[in-house]
Amino acid sequence: MTPIHAEATTIIKARPEAVYAVIADYRVGHPAILPKPYFTELAVEQGGQGAGTIIRVGMNVMGVKQVYHEVVSEPQPGRVLVEADAEAGVTSTFTVEPVNAGQQARVTIASDARPSPGLKGLLERLFNPPITRRIFQQELRQLAAYVERQPSA
């Protein structure tokens, strides 16, 4: 079955390595960019910096509460970070690409989710992508504001 896909992209006025450092920091940086009230918790269970980190993420979207148990990997360290919950069938990918001679970063957040069967799956396919895209756009705005305030940006 084809996964449900959603993504959002923006250009951030900061060096790509500074942006990636915030995303990969699950103790301080990453929690600071998560939009409330959608994200209700981010708890580090193991690690805390990039690959090998294990996190518990609580979400509340349109009254539907979910808890994800995710493992973080870095297929391309410094450029691509992936959070995956194999049991829930959800994967989120953060891609950071240099633009303008490395003075800015193009950041894309994308997710793929296994749809439920039947009518519920049809409704998920209709409603989840635009809602998820809106959450990602807010997260990207918060990421930009956070990283642009940092002295190393």
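That block above? That's the structure.
Notes on the structure in this doc start here. (Residues numbered from 1 in each chain as written. Predicted model: local features only at pLDDT ≥ 70, side-chain atom pairs only at ≥ 80, totals over all residues. Heavy atoms only, no water.)

A tally of helices and strands in the chain yields 3 helices and 7 strands. When the helices and strands of the chain are placed in sequence order, the string is β-α-α-β-β-β-β-β-β-α. Here the chain has a C-alpha radius of gyration of 15 Å; the compact-globule value for 153 residues is 15 Å, and the two agree. The long-range fraction of contacts in the chain, counting pairs at least 24 apart against all pairs at least 6 apart in sequence, stands at 52%. Carbon and sulfur atoms make up 55% of the accessible area of the chain, which totals about 8,000 Å². Of the charged side chains in the chain, 15 are positive and 15 negative, and the gap between their average positions amounts to 6 Å. (Helix = DSSP H or I, 4+ residues; strand = E, 2+ residues; numbered from the N terminus. Rg over C-alpha atoms; globule rule 2.2 N^0.38 Å. Contact = heavy atoms within 4.5 Å. Areas by Shrake-Rupley, 256 points an atom, 1.4 Å probe, with all protein chains shown as cover. Lys, Arg positive; Asp, Glu negative; His and termini not counted. Charge placed at Lys NZ, Arg CZ, Asp CG, Glu CD.)

Most of helix α1 (residues 16-24) sits inside the fold, with 7 of its 9 residues counted as buried. Pro16, Ala18, Val19, Tyr20, Val22, Ile23 and Ala24 are the residues of α1 that are buried. (Buried < 20%, exposed > 50% of the residue type's maximum accessible area, 1.4 Å probe, protein only.)

A cluster of nonpolar side chains, contributed by Leu119, Leu122, Leu123, Leu126 and Phe127, occupies part of the molecular surface with about 520 Å² of accessible area. Take Phe127: it is sitting in helix α3 (residues 118-149). Since its relative accessible area comes to 48%, Phe127 is described here as partly exposed. (Patch = residues over 30% accessible without salt bridge, like charges linked within 9 Å, V, L, I, M, F, W, Y side chains within 5 Å. Salt bridge = Lys/Arg side-chain N within 4 Å of Asp/Glu carboxyl O.)

Moving on: the pairing of strand β6 (residues 90-99). Sheet analysis places strand β5 (residues 80-85) next to β6, joined by 6 bridges and oriented antiparallel. Paired with Val80 across the bridge in β6 is Thr95. Connecting the antiparallel pair β5 and β6 is a turn made up of 4 residues, with Gly89 showing a positive phi of about 75 degrees. Bridge count for β6 against strand β7 (residues 104-113) is 10 bridges, and the pairing is antiparallel. (Pairing = 2+ DSSP bridges.)

The next point concerns the nonpolar core. The biggest cluster of nonpolar side chains holds 35 residues, and the ones touching the most others in it are Ile12, Val19, Ile23, Leu81, Val107 and Leu143. Looking at this core, the elements that each hand over two or more residues are β1 (4-12), α1, β2 (39-46), β3 (54-61), β4 (64-76), β6, β7 and α3. For this core, the element with the highest residue contribution is α3, accounting for 8 residues. Contact partners of Val19, with chain neighbours within four places excluded, come to Ile12, Ala14, Val96, Ala105, Val107, Leu143 and Val147. (Core = buried A, V, L, I, M, F, W, Y, C linked by side-chain atoms within 4.5 Å.)

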